[in-house]
Amino acid sequence: MEPGNPEDIPDGSGAVLVASVYPEVFCLDARAIETVLVTHNTFRRNFANGVYGTNAANMKEMVWSRTLQLQAEQALDCSLAGSLHTDPYDIYTNVGVSERGYISNILDSWMSEKQHFIPQLQTCIRLHKCKRFLTMIHAGHHEVGCAHTRQCRVRNVRVNLLVCKYGISEDPIVPAFKTGAPCTKCDGTMSFCENGLCVPCLQTDRNCDCRKTCYRESIGDGSLDNNTCTCTCAYGLGPNCDEDCVNPEMYVDWDICSEVREQDCQSDSLEEREILRKMCPAQCACRRHPEASMRHNDAGLSANHRA
């Protein structure tokens, strides 16, 4: 078959998907790119500020990536229009189809999946029902690039197909964001805040708004560098020193950090040091506040009393 010629492909439902294996890719112009970015950032900003039932403390502003755009163009294939891409654990790709409305309708359909989101759980019971929504609001994403075509047909109807690639997220595992006051857990080069989104401080085009306090009673305390909006924590953990310095519980009957020594934390391997800082922060990344254990015990006694 010659590239670009259509072929009949079963779509799994008894109908026929008519697809061009190599569809013509329509380059997104400046206006379309702006639509993608404004839609994503408005949605992410509203989410961070509590519009959908919970706040996000580390929601990054999205910017356009030419590299991700090229990846999306390479992934664009009309066969996606019949099955879509709904792997609930792939938070790096979104695929959508619409008969009308160009790309805005597709983006709106992704956002509408918020109806399946449960704020208290920070996820959805059925991940495949809101996979695109979770990808859009994954706080770790900072870049997006998309590709679009109008050359695909589903059941003999011409449709718009949109593929978006996302990056760069450090952790693809849910929860997709950290709860708390907007921008209090911004980190790295995007430590500052703009209306709920973590942004870099560019003196030429935006006000540098730092929302961190580096303090939480009986949990954390530190000093704030206003020039970089970063905390140096004497006690506590996290970008705002407001997380208890304890190791995450990964196993019920086994403490994987019990044998970690100080010299292990100073390994010559950067990768090993980073892993230990994440898995065993109490040994390798922070100091626990002297009153934190008392606060934890008091909370436990109160819960037992209520029971």
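In the block above lies the structure referred to throughout.
Overview of the structure. (Residues numbered from 1 in each chain as written. Predicted model: local features only at pLDDT ≥ 70, side-chain atom pairs only at ≥ 80, totals over all residues. Heavy atoms only, no water.)

**Here's the deal with helix α4 (residues 102–111)**
- Of all the residues in α4, the buried ones are I103, I106, L107, W110 and M111. Relative to the axis of α4, the buried residues are bounded by an arc of 140° and lie together on one face.
- If you follow the buried residues of α4, they end up packed against α1 (30–48), β4 (93–98), α5 (131–136), β7 (143–154) and β8 (157–167). (Buried < 20%, exposed > 50% of the residue type's maximum accessible area, 1.4 Å probe, protein only. Helix = DSSP H or I, 4+ residues; strand = E, 2+ residues; numbered from the N terminus. Arc of directions from axis to C-beta. Contact = heavy atoms within 4.5 Å.)

**With respect to the sheet that holds strand β3 (residues 63–64)**
- Spatial strand order, β3-β7-β8-β4: 4 strands in an open sheet with mixed pairing. Strands at the two margins of the open sheet, each flanked by one partner only, are β3 and β4.
- Bridge count between β7 and β8: 10 bridges; the pairing is antiparallel. Paired with H148 across the bridge in β8 is L162.
- Along the sheet face, helix α2 (residues 66–75) touches β3, β7 and β8 and points at about 25° away from the line of β7. (Pairing = 2+ DSSP bridges. Axes fitted to C-alpha atoms, helices over the stretch in contact; angles between N-to-C directions.)

**Quick word on a nonpolar patch on the surface**
- Side chains of M250, Y251 and W254 sit close together on the surface and give an oily, nonpolar patch of about 360 Å² of accessible area.
- In this fold, M250 is placed in the loop between β13 (230–235) and α6 (262–265). (Patch = residues over 30% accessible without salt bridge, like charges linked within 9 Å, V, L, I, M, F, W, Y side chains within 5 Å. Areas by Shrake-Rupley, 256 points an atom, 1.4 Å probe, with all protein chains shown as cover. Salt bridge = Lys/Arg side-chain N within 4 Å of Asp/Glu carboxyl O.)

**Re the packing of aromatic side chains**
- Following the criterion strictly, the structure yields 8 aromatic pairs and no others.
- A centroid spacing of 5.8 Å and a plane angle of 70° characterise the contact between F43 and F133, whose relative ring orientation is edge-to-face. With a gap of 90 residues between them, F43 in helix α1 and F133 in helix α5 connect regions that are remote in the sequence. Taken as a pair, F43 and F133 share a single burial class, namely buried.
- Aromatic pair F117 and F133: ring centres 5.1 Å apart, planes at 55°, arrangement tilted. Taken as a pair, F117 in strand β5 (residues 117–118) and F133 in helix α5 lie far apart in primary sequence, 16 residues in all. Here F117 and F133 have matching classes, each one buried.
- Members of the aromatic cluster, connected to one another through ring pairs, are F43, F47, Y52, F117, F133 and F177. (Phe/Tyr/Trp six-rings, centres within 6.5 Å; stacked < 30°, edge-to-face > 60°.)

**So, the pattern of salt bridges**
- The final tally for this structure, using the stated rule, is 9 salt bridges.
- We note a salt bridge from D209 to R211, for which the minimum N-O separation is 2.7 Å.
- What emerges from the salt-bridge pattern is a single network uniting K178, K185, D242 and E243.

**Here's the deal with the sheet that holds strand β12 (residues 220–225)**
- Taken together, the 3 strands give an open sheet; going across it, the order is β11-β12-β13, and neighbouring strands pair in antiparallel fashion. Looking at the sheet topology across the chains shown, the edges are occupied by β11 (215–216) and β13.
- Pairing analysis gives 5 bridges linking β12 to β13, with the strands arranged antiparallel. Across the sheet, residue L224 finds its bridge partner in β13, namely C231.

**Some thoughts on the side chain of D242**
- The residue D242 is located in the loop between β13 and α6 in this model.
- A distance of 2.6 Å separates the side chain of D242 from the side chain of K185, its partner in a polar contact.
- Dropping the residues within four chain positions of it, D242 is found in contact with K185, Y215, R216, I219 and L237. (Polar contact = N/O pair within 3.5 Å; in protein donor to acceptor, adjacent residues only side chain to side chain.)

**Observations regarding unusual backbone geometry**
- The backbone of C183 sits at a positive phi, close to 75°, despite the residue not being glycine.
- Looking at where C183 falls in the secondary structure, it is placed in the loop between β8 and β9 (192–194).
- Classification of C183 as buried rests on a relative accessible area of 1%.
- We note that C241 has phi near 60°; this positive angle belongs to a residue other than glycine.
- The topology assignment puts C241 in the loop between β13 and α6.
- For C241, a relative accessible area of 0% gives the class buried.

**Brief notes about the state of the cysteines**
- The tally for this structure, following the rule as stated, stands at 12 disulfides.
- C233 shares a disulfide with C241; S-S distance 2.0 Å. Taking the sign of the S-S torsion, about -90° here, the bridge from C233 to C241 comes out left-handed.
- Each disulfide pairs two cysteine sulfurs, and for C265 the partner residue is C284, the sulfurs being separated by 1.9 Å. (Disulfide = S-S within 2.5 Å.)

**Comments concerning the pairing of β12**
- Of the strand pairs in this sheet, β11 and β12 are connected by 2 bridges, and their pairing is antiparallel. When the bridges of β12 are listed, Y215 appears paired with D221.

**A look at the pairing of β7**
- In the sheet, β3 pairs with β7 via 2 bridges, with the strands oriented parallel. Looking at the pairing, V63 lines up with E143 of β7.
- What sits between the antiparallel neighbours β7 and β8 is a turn of 2 residues, in which R155 has the positive phi angle 55°.

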